[in-house]
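Residues per chain are reported as follows:
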Amino acid sequence: MRDIAALTFVTLDGVMQAPSMPDEDRSGGFDQGGWAAPYWEGVMEQVQVEAMAEPYDMLFGRKTFDLFAGHWPDVEDNPVAGMMNAARKYVVTSSKQPLAWSNARPVSGDLAKSISELKSRAGPLLQIHGSWQLLQFLVGQKLIDEFRLWTFPVIAGSGKRLFADGTVHQDLKLTKTAPCSNGAIMSIYRRG
């Protein structure tokens, strides 16, 4: 049995929408995209050490997969890119369009069953990056075992929140925390 870990960047007010680029996700009229970019230098070194050093497989929603697939395969001489490009990628999608990144496999049908089956297989950690809609589903199904959060000293005011209204109650245990030099804070929680 392997765990699912959500690696997520959030603002102080819990928004996870479009941390990297202004046009990453403008749904709902969101115009604060790229809010995390000024902090990358201090955060990404910590992310690499704390959340991306060990081998992992990846679990994506289709939109986030397509964003990542448009960037990471072309990055060279970067240990994070090397890990991501080598990882097996499971993509929740109903589209018949091909998955344009190496080692990618579609996941469809009964998602709770399909993802539970992925968890039951031998293999490395399943790590989710972004994928807001998928994350909401998995939180609701209590399929996330660990939350690897980086909270940024930014207030977005609106946007897609990590824990949306109606999220089911879950007890979490803080297992590790550490600040970054730029004011962002890493917090790793496990489901109780």
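What this report covers is the structure whose coordinates are included nearby. (Residues numbered from 1 in each chain as written. Predicted model: local features only at pLDDT ≥ 70, side-chain atom pairs only at ≥ 80, totals over all residues. Heavy atoms only, no water.)

## What about the overall build of the chain?
The test is simple: We count a stretch as a helix when DSSP gives it H or I for four or more residues in a row; a strand needs E for two or more, and each element gets its number in order from the N terminus. Note that the radius of gyration is over C-alpha atoms, with the globule rule given as 2.2 Å times the number of residues to the power 0.38. When a residue's accessible area, from a 1.4 Å probe over protein chains only, is under 20% of the maximum for its type it is buried; when over 50% it is exposed; and in between it is partly exposed. Only heavy atoms enter the contact rule, under which two residues are in contact if any of them lie within 4.5 Å. Per-residue and other accessible areas were derived by the Shrake-Rupley procedure at a 1.4 Å probe size, with only the shown protein chains allowed to occlude residues.
Helices and strands together make up the secondary structure of the chain, namely five helices and eight strands. Its C-alpha atoms give the chain a radius of gyration of 16 Å, within 12% of the compact-globule value 16 Å for 192 residues. By principal-axis analysis of the C-alpha atoms, the chain measures approximately 40 × 40 × 35 Å. Counting across all 192 residues of the chain, residues that qualify as buried make up 45%. Here the contacts in the chain between residues at least 6 apart in sequence split such that 70% fall between residues at least 24 apart. When the accessible surface of the chain is totalled, it reaches about 9,700 Å², and 52% of it is carbon and sulfur.

## With respect to the sheet that holds strand β3 (residues 89-92)
Threshold: The rule for pairing is simple: two strands pair if DSSP sees at least two bridges between them. Comment: axis = line fitted to C-alpha atoms, over the contacting stretch for helices; angle = value between 0 and 180 degrees taken between N-to-C directions.
Taken together, eight strands build an open sheet; the order of strands is β4-β3-β2-β5-β1-β6-β8-β7 and the sheet is mixed. The open sheet has two edge strands, β4 (104-107) and β7 (172-179), and neither has a second partner. On average, adjacent strands in this sheet sit at an angle of 25° to one another, irrespective of strand direction. Of the strand pairs in this sheet, strand β1 (residues 4-11) and strand β5 (residues 125-129) are connected by four bridges, and their pairing is parallel. Residue pairing in the sheet places Ala-5 in a bridge with Gln-127 of β5. In this fold helix α1 (residues 40-51) packs onto β1, β5, β6 (146-152), β7 and β8 (185-191), with an angle of close to 165° to the strand it touches most, β6. Sheet strands touched by helix α3 (residues 79-86): β2 (56-61), β3 and β5. Its angle to β2, the strand with the most contacts, is close to 75°.

## Regarding unusual backbone geometry
One non-glycine residue, Asp-77, adopts positive backbone phi at about 55°. Structurally, Asp-77 is set in the loop between α2 (62-69) and α3. In this structure Asp-77 comes out as exposed when scored by relative accessible area, which is 83%. Phi angles above zero are rare outside glycine, and Lys-142 is one such case at about 55°. On the secondary structure map, Lys-142 appears in the loop between α5 (132-140) and β6.

## Some thoughts on the pattern of salt bridges
To keep things clear, this is the line we draw: A side-chain nitrogen of Lys or Arg and a carboxyl oxygen of Asp or Glu constitute a salt bridge if their distance falls within 4 Å.
Tallying each qualifying case throughout the model produces twelve salt bridges. As a salt-bridge pair, Asp-13 and Arg-161 come within 3.8 Å of each other at their nearest N and O atoms. You can see Asp-13 sitting in the loop between β1 and α1 and its partner Arg-161 sitting in the loop between β6 and β7, a full 148 residues away along the chain. You can call Arg-161 partly exposed: its relative accessible area is 28%.

## Overview of the side chain of Glu-24
We count it as follows: Residues adjacent in sequence count toward polar contacts only when both atoms are side-chain atoms; beyond that, a polar contact is any pair of N or O atoms within 3.5 Å, and within protein one must be able to donate a hydrogen and the other to accept it.
By secondary structure assignment, the location of Glu-24 is in the loop between β1 and α1. Of note is the side chain of Glu-24, whose polar atom sits 2.8 Å from the backbone nitrogen of Ser-20. Polar side-chain contacts of Glu-24 include one of 3.1 Å to the backbone nitrogen of Met-21.

## A word on the packing of aromatic side chains
The cut-off we apply is this: For Phe, Tyr and Trp, where Trp contributes only its six-membered ring, two rings pair if their centres lie within 6.5 Å, and the inter-plane angle classes them as stacked under 30 degrees, edge-to-face over 60, or tilted in between. Ring-over charges, as used throughout, are those where CZ of Arg or NZ of Lys falls within 6 Å of the ring centre and within 35 degrees of the ring normal.
Inspection of the entire model under this criterion finds eleven aromatic pairs. With a centroid separation of 5.7 Å and an interplanar angle of 90°, the aromatic rings of Phe-9 and Phe-152 are classed as edge-to-face. Taken together, the positions of Phe-9 in strand β1 and Phe-152 in strand β6 put the pair 143 residues apart, joining distant regions of the chain. One Lys or Arg, Lys-89, reaches over the ring of Trp-101 and ends 4.7 Å from the middle of that ring.

## Re helix α4 (residues 111-120)
Residue pairs spaced three or four apart in an α-helix point in one direction, given the helix's 3.6 residues per turn. As a reminder of what qualifies: To be clear, the arc concerns the directions from the helix axis to the C-beta atoms.
Residues of α4 that are buried include every one of Ala-112, Ser-114, Ile-115, Leu-118 and Lys-119, and no others. The arc that holds the buried residues of α4, viewed along the axis, is 165°, so those residues lie on one side. Residues of α4 that are buried make contact with β1, β2, β3, β4, β5 and α5. The distance from a side-chain oxygen at the start of α4 to the backbone nitrogen of Ala-112 is 3.3 Å, and the residue carrying that oxygen is Asp-110.

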